[in-house]
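Summary of structural features
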Amino acid sequence: MTWTSLLPVWARALETRRPRPLFIDPFADRFLAAYAGELGTLPQLGVETSPLWEAVFYGVTMRTAYFDAALRRSSAPQIVVLGAGLDTRAYRLGLAPGVTVYEVDRATTLDFKERVLAGEQPTCRRVPVVAELGADDLTGLLKSAGFDHRLPTVWLAEALLFYLTPAQAEALLEEMSGLSAPGSVLLGEVFERPYRETDLPVEAMDDADAATWRQFVTAFRTSPSVPVPAAWLAAHGWTAVEVTDQVGLGRTFGREAPSFYERARDWIFEGRS
Ligand SMILES: C[S@@+](CC[C@H](N)C(=O)[O-])C[C@H]1O[C@@H](n2cnc3c(N)ncnc32)[C@H](O)[C@@H]1O
């Protein structure tokens, strides 16, 4: 269980408490409490007024709302959430009982989730799949878990591709494309380029935030650089249907994007196989 899995949960908990939230994640607070209670001290979270946490909160909230809407529209019988982390869509979106959601992540994250959500019922069929993306045989693990490549699939790669190297991300796009029956969809997020320390005003941050921001920069140093998402997708088996970014999502959802997202573009896309 890495603390990065908690960042989206922290943002979704905050959004859930707002007066007119874009979504409600009834489990987000529970994950935060369980992490603090079972696994140790929470990282420095909750400073909504800092440029760092303002950007994290905004980015997670926008993409959650966007991917929630896309998944609600989908009629595919199977959804594969890659790097699922503490995503609770199998429980909170009202997905039909005939839909199977495969949640792919590391054992530590999936085990923590299992423990915290014990006793809760997903609305659809939920199948956790333990895998190290970029190293394990994803196709074999999915098929062993019941995934059927003859059926249309929605793939969701939210806050995942930038943890991979360019070669791993490209191989993953190609693997998903090869497993996609007609009508399949890829929903994802990728950076225009890895973060630079100067993307946020480190000098205006307190020491804790500055250290956390440097951790982000280090963690994403080897992320793929994707200046033109449609071309990147096309080169790896996908046709872009929609490409937007965090600034565009702000216009869609009526929120103002922090200027960070004009410097460090974070693409959000939908592709078809
Ligand atoms: C920032 S979290 C996002 C989680 C979730 N998609 C969301 O938006 O709430 C990134 C997740 O990807 C997982 N992850 C990163 N690299 C991975 C890899 N190589 N194999 C499997 N999971 C990975 C992490 O364990 C973590 O849960």
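Presented here is an overview of the structure given in this document. Note that the structure is predicted; figures quoted are calculated from it, not measured.

As a further point, take the pattern of salt bridges. This model, assessed by the stated rule, comprises 22 salt bridges. A salt bridge links Arg106 to Glu132; the nearest nitrogen and oxygen atoms lie 2.7 Å apart. Of this pair, Arg106 sits in the loop between strand S2 (100-105) and helix H5 (107-116) while Glu132 sits in the loop between strand S3 (125-130) and helix H6 (138-144), placing them 26 residues apart in sequence. Judged by its relative accessible area of 43%, Arg106 falls in the partly exposed class. Overlapping salt bridges, with partners in common, bring together Arg12, Asp25, Arg63, Asp68, Asp87, Arg89, Arg92, Glu158 and Glu189 in one network.

Taken in spatial order, the seven strands line up as S3-S2-S1-S4-S5-S7-S6 in an open sheet, and their pairing is mixed. With one partner strand each, in any of the chains shown, S3 and strand S6 (239-245) form the two edges of the open sheet. Strand-to-strand, the axes of this sheet are offset by a mean angle of 20°, without reference to chain direction. When strand S1 (residues 78-82) meets S2, the two strands line up parallel, connected through five bridges. Looking at S2, one finds that Gln78 is bridged to Thr100.

With that settled, consider helix H2 (residues 28-39). Between its first and last C-alpha, H2 extends 16 Å over 12 residues, near the 16 Å set by a 1.5 Å rise per residue. Buried residues of H2: Ala28, Phe31, Leu32, Ala34 and Tyr35, and no others. Viewed along the axis of H2, the buried residues span an arc of 165°, placing them on a single side of the element. Facing away from the buried side of H2 by over 90 degrees, the exposed positions are Ala33 and Gly37. Close packing links the buried residues of H2 with helix H1 (3-17) and H5.

Parameters at a glance
Residues numbered from 1 in each chain as written. Predicted model: local features only at pLDDT ≥ 70, side-chain atom pairs only at ≥ 80, totals over all residues. Heavy atoms only, no water. Salt bridge = Lys/Arg side-chain N within 4 Å of Asp/Glu carboxyl O. Helix = DSSP H or I, 4+ residues; strand = E, 2+ residues; numbered from the N terminus. Buried < 20%, exposed > 50% of the residue type's maximum accessible area, 1.4 Å probe, protein only. Pairing = 2+ DSSP bridges. Axes fitted to C-alpha atoms, helices over the stretch in contact; angles between N-to-C directions. Expected span 1.5 Å × (residues − 1). Arc of directions from axis to C-beta. Contact = heavy atoms within 4.5 Å.

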